[in-house]
Amino acid sequence: AASPAFPDCLIIYDSGLMQDIKNRDGLEQDLHQAIADRSLQIVYQPKVHSSDWSNAGVEALVRWRHPTRGEVSPGDFIPIAEASGLIVDLGMFVMAEAARQCAEWSRQGRLIGVSINVAAGQVARPDFADKVLEIIELNDCPPTLVTIEITETMAHSNNNRFVEQLHRLRAAGLKLAIDDFGIGYSNLAHLAELDFDALKMDRSLISKLETSSRTVEVCRAIVNLGKALGCKVVAEGVETAGQAAAASKLGCDEIQGYYVSAELNAADYIDWQDRVEATSLIRTVRDIFGE
Ligand code: C2E
Ligand code: MG
Ligand code: MG
Ligand code: MG
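Residues numbered from 1 in each chain as written. Chains lettered and ligands numbered in written order. Predicted model: local features only at pLDDT ≥ 70, side-chain atom pairs only at ≥ 80, totals over all residues. Heavy atoms only, no water.

(A) Molecular detail of helix H7 (residues 160-171). Taking 1.5 Å per residue as the helical rise, H7 with its twelve residues ought to reach 16 Å, and the 16 Å between its terminal C-alpha atoms agrees with that figure. Of the residues making up H7, those classed as buried are Phe 162, Val 163, Gln 165, Leu 166 and Leu 169. Buried residues in H7, looked at end-on, bunch into an arc of 165 degrees, giving them a common side. Summarising the geometry of H7, the exposed residues directed more than 90 degrees from the buried face are Asn 160 and Ala 171. (Helix = DSSP H or I, 4+ residues; strand = E, 2+ residues; numbered from the N terminus. Expected span 1.5 Å × (residues − 1). Buried < 20%, exposed > 50% of the residue type's maximum accessible area, 1.4 Å probe, protein only. Arc of directions from axis to C-beta.)

(B) Molecular detail of the site of ligand 1. Neighbouring ligand 1 are 22 residues; Arg 63, Asn 117, Asp 179, Glu 239 and Tyr 258 lie closest to it. One of the side-chain nitrogen or oxygen atoms of Glu 59 is found 2.9 Å away from an oxygen atom of ligand 1. One nitrogen or oxygen atom from the side chain of Glu 239 is found 2.5 Å from a nitrogen atom belonging to ligand 1. Protein chains shield 83% of the accessible area of ligand 1, which is 800 Å² for the free molecule. Mapped onto the shell around ligand 1, the elements with two or more residues apiece are strand E2 (55-66), helix H2 (74-84) and strand E6 (175-181). Of the residues that constitute the shell around ligand 1, the class distribution is nine nonpolar, five polar and eight charged. (Near = heavy atom within 4 Å. Polar contact = N/O pair within 3.5 Å; in protein donor to acceptor, adjacent residues only side chain to side chain. Areas by Shrake-Rupley, 256 points an atom, 1.4 Å probe, with all protein chains shown as cover. Nonpolar A, V, L, I, M, F, W, Y, C, P; charged D, E, K, R; others polar.)

(C) Geometry of the pattern of salt bridges. In this structure the tally under the stated criterion is 17 salt bridges. In this structure, Asp 197 and Arg 170 form a salt bridge, with 3.0 Å as the shortest nitrogen-oxygen distance. Here Asp 197 is found in the loop between E6 and strand E7 (198-201), whereas its partner Arg 170 is found in helix H7, with 27 residues between them in sequence. You can call Asp 197 buried: its relative accessible area is 18%. Between Asp 253 and Lys 227 there is a salt bridge whose closest N-O contact spans 3.8 Å. With a gap of 26 residues between them, Asp 253 in the loop between helix H10 (241-250) and strand E9 (254-256) and Lys 227 in helix H9 (residues 213-228) connect regions that are remote in the sequence. Of the residues examined, Lys 227 reaches a relative accessible area of 39% and is grouped as partly exposed. Salt bridges sharing common partners tie together Glu 59, Glu 149, Lys 200 and Glu 236. (Salt bridge = Lys/Arg side-chain N within 4 Å of Asp/Glu carboxyl O.)

(D) Focus on the coordination of the magnesium ion (ligand 4). Those donors, Asp 180 (OD) and Asp 202 (OD), are the protein atoms that reach the magnesium ion (ligand 4), and they lie 2.3 to 2.7 Å from it. The distance between the magnesium ion (ligand 4) and the magnesium ion (ligand 3) comes to 2.9 Å, with Asp 180 serving as a donor to both metals. Residue Asp 180 is found in strand E6, and its partner Asp 202 is found in the loop between E7 and helix H8 (203-206); the two are separated by 22 residues along the sequence. Residue Asp 202 is classed as buried on the basis of its relative accessible area, which comes to 10%. (Donors = N, O, S within 2.8 Å, 3.2 Å for Na, K, Ca; no water.)

(E) Structural view of the coordination of the magnesium ion (ligand 3). Within the protein, Asp 179 (OD), Asp 180 (OD), Glu 236 (OE) and Glu 236 (OE) serve as the donor atoms for the magnesium ion (ligand 3), at 1.8 to 2.7 Å. For the magnesium ion (ligand 3), the single-chain donor residues occur in sequence as D-D-x55-E. Distance-wise, the magnesium ion (ligand 2) is placed 3.7 Å from the magnesium ion (ligand 3), both being coordinated by Asp 179. Here Asp 179, found in strand E6, pairs with Glu 236, found in the loop between strand E8 (232-235) and H10; they are 57 residues apart in sequence, far enough to count as distant. Accessibility assignment for this pair places Asp 179 and Glu 236 in one class, buried.

(F) Structural view of the packing of helix H3 (residues 87-107) against helix H5 (residues 128-138). Look at H3 against H5: their axes get within 9 Å of each other, and the N-to-C directions meet at 30 degrees. The angle between H3 and H5 places the two elements in the roughly parallel class. At the point where H3 passes H5, the crossing takes the right-handed sense. Only Phe 128, Lys 131, Val 132 and Ile 135 of H5 make contact with H3, whose side of the interface consists of Met 92, Met 95, Ala 96 and Ala 99. Among the residues making up the contact of H3 with H5, the classes are represented as seven nonpolar, no polar and one charged. (Axes fitted to C-alpha atoms, helices over the stretch in contact; angles between N-to-C directions. Parallel < 35°, antiparallel > 145°, perpendicular 65-115°, else oblique. Left-handed = near helix turned anticlockwise from the far one by under 90°. Contact = heavy atoms within 4.5 Å.)

(G) Quick peek at the side chain of Ser 115. Among the secondary structure elements, Ser 115 is positioned in strand E4 (residues 114-117). Those residues in contact with Ser 115, other than ones at most four positions away along the chain, are Lys 47, Val 58, Glu 59, Ala 60, Thr 147 and Glu 149.

All quantities given are derived from atomic positions and should not be read as evidence of function.
What follows is the structure, given as structure tokens:
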């Protein structure tokens, strides 16, 4: 079609692309609404120590049940939230809900560390650390139980403001983890600039542990790097017993993935945790007294 605004141009419409853009706009509005209605949910995926499967805390993951489309995955709506700026409000919602839950558990005598994912667009704001600390204090959440997960690419951002915000959180007792390690743009020099507490090895590496001896060597190097920097190393996306054993043998401190458990709502997580503890207690008793 000839464009009235640009008469010399031929505009080619791609109906699929137009559909994508419209969907995206629709989703953006709906997401805006969902944040305003506080209708997003948070689920918790357990992590366990590789040595004895004892509790190593949980990762908070946001869930969105769209009124007509059903479950929309974070992989689809987080990028929309980032591009539209909605990530700031969404992020604060997740932070507040996770802090509230963590505080509730700790009042019940359950010290469960909660890891919270944050996006670049959140940390880039000069009031990020202030807002996070405010939410944590408001909810009476012990700061040392909170870990902020940033992605490798963000960790390598040259932006000094990022580093400043993260330093402030760490000074207040929060922990920092690098998420999805091994798939980003690996400027390893920048790893030295911030003290991290944990390094999470990406699922794409873990998934090849049983089949690729070269991947095993790459993972071994990552574990050694993490240890040398004083980080604990977490294996992400562990789906099989073989992957769990391989990760543990390499020295990964913690394991997370469907082999351990899928993400659960808060109540189901507590049931799960109690069951795991009961079985390991039974195992210990059997080890001591025999069958
Ligand atoms: P992530 O932080 O690396 O989270 C782990 C993702 O892997 C989660 O997907 C989880 O459901 C999935 N997963 C866990 N174990 C396994 C496994 O054994 N196999 C497989 N195939 N997948 C596994 P989810 O919840 O769909 O989230 C995807 C990504 O979206 C997250 O990756 C994170 O980057 C982002 N995200 C999720 N929630 C939030 C949030 O509240 N805020 C921000 N900024 N990003 C979030
Ligand atoms: Mg994460
Ligand atoms: Mg991850
Ligand atoms: Mg990942």
